[in-house]
Structure formats: C-alpha cells, structure tokens
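# Working through the structure, step by step
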Amino acid sequence: MLEIGSTVPDVALEDTTGQVVRLSEFRGTASVLIYFMRSTSCPVCTGHVKDLAARAEELAAAGVRVLVAVPEGRAEAKAWRAKRGLSLRVVSGRNGTPHEAFGLAKKMLQQSGSVLIDRDGVVRHAHAATMPTSAYDKKGIAKAVEGLAKVR
C-alpha cells in the first residue's frame, strides 16, 4: 500500500466505458479518492460505495473526485455499476487489477481500502484492510479531505 506523503505513480485504469483513466490527468485540477472494493459481490463494500455516492457532492465541493476500483474486469464492473444506478466512475485495471497497482495484496481475501491523492499527486490518506467491515475509514477520509484545504 502506498504511504502517506509518497507520490503516486501515473497508474492507468479503465472505466466502464473503456476510457483510459490516468491519475496524471487530475494533477493540478482535482484531488482523487479511490475506494477499492474487495469485489463487486461484496455487500459490505457495496454499502460503503452507497455512502460515498451520497457524499459525492460534498466531496466534489472540496475538490475531490471519487473513483471506485473493482478487481474484476470492465464487463463485470459495467454490469455492477448499471445494476446499482451509480453515478460514480467505476474503474478496473488495464494490466492487472487496480489493487495490485496500489499494493493491495490478495491474501486469503482481496484487500479493500481507500487512497486520497491530492492535486499534486501526493498521498494524503491510505487505508487498507482484509475484512471489508474495517476497510472504509470514513473518519480518516473526512480528516484527510479537511486537510486538503490547508495544503492548497
């Protein structure tokens, strides 16, 4: 997992429409919160995504764009997003999973968690867990988002 204060490499992801999403495209314009789901079949992770969707406007007002990263391929991600009527951008990996690109290892289960990257490409929040019940650090994310205003 990336460490707080480290610079994020320019990872290339793919959204559900097949469009390439490069983290560098956000540099200088927006911060990015990536929530990594254990899988699209995880009901706990889906609950976390629902909360993020409900907070999307609040996060956007703070200059934060939300991406939901799934370990499955684009077709599965697209079906999962459509079934839930999500407006959030859902991404999968182009070469491997987004989880691998960010150091979220698959142990017994796929790890899940979140990374907040500021507009300069620096990690301001990083949290991972094997059990999805402890993967969504809502308070930690809120504190890191609040800290973004001080960094600007």
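First, a word on what this report is: a plain description of the structure on this page. Computed from a prediction, not measured in an experiment: that's the story for all the values here. Residue positions are given per chain, counting from 1 as you read along its sequence in written order. With the structure being a predicted model, the display of local features is reserved for residues of pLDDT at least 70 and the display and counting of side-chain atom pairs for 80 or more, all residues being used for whole-chain, interface and lining totals. With hydrogens and water excluded, all non-hydrogen atoms of the structure serve as input to the side-chain values.

### Structural notes on the pairing of strand β5 (residues 89–93)
By this definition, two strands are paired if DSSP reports at least two bridges between them. The way it works is that DSSP assigns letters per residue, a run of H or I at least four long becomes a helix, a run of E at least two long becomes a strand, and they are numbered from the N terminus. Note that strand β1 (residues 12–15) and β5 share three bridges and pair antiparallel. Opposite D15, over in β5, you have V91 as the bridge partner. As defined by bridge partners, strand β4 (residues 64–69) adjoins β5 across three bridges and the pair is classed as parallel. Bridged to L67 within β5 is R89.

### Considering the pattern of salt bridges
Salt bridge, as used here, is a side-chain nitrogen of Lys or Arg placed within 4 Å of a carboxyl oxygen of Asp or Glu. Per the counting criterion, the structure on display carries seven salt bridges. Ionic pairing is found between K138 and D51, a salt bridge with its closest N-O pair at 3.2 Å. Here the residue K138 occupies a position in helix α5 (residues 138–151), and D51 occupies one in helix α1 (residues 43–54), the gap between them amounting to 87 residues. Note on K138: relative accessible area 40%, which makes it partly exposed. Through salt bridges with shared partners, one network takes in D15, E25 and R89. Note on exposure labels: buried denotes an accessible area under 20% of the residue type's maximum, exposed denotes more than 50%, and partly exposed covers the range between, all computed with a 1.4 Å probe on protein chains only.

### A word on the sheet that holds strand β7 (residues 123–129)
In spatial order, the strands read β2-β1-β5-β4-β3-β6-β7; together these seven strands make up an open sheet with mixed pairing. At either margin of the open sheet sits one strand with a lone partner, and together these are β2 (20–22) and β7. Averaged over all neighbouring strand pairs, the angle between strand axes comes to 30°, with direction disregarded. Both strand β3 (residues 31–36) and β4 contribute to a ladder of six bridges, which runs parallel. All axes are obtained by fitting lines to C-alpha atoms, using only the stretch in contact for helices, and the reported angles, taken between N-to-C directions, cover 0 to 180 degrees.

By themselves, these observations are geometric and do not establish any function.
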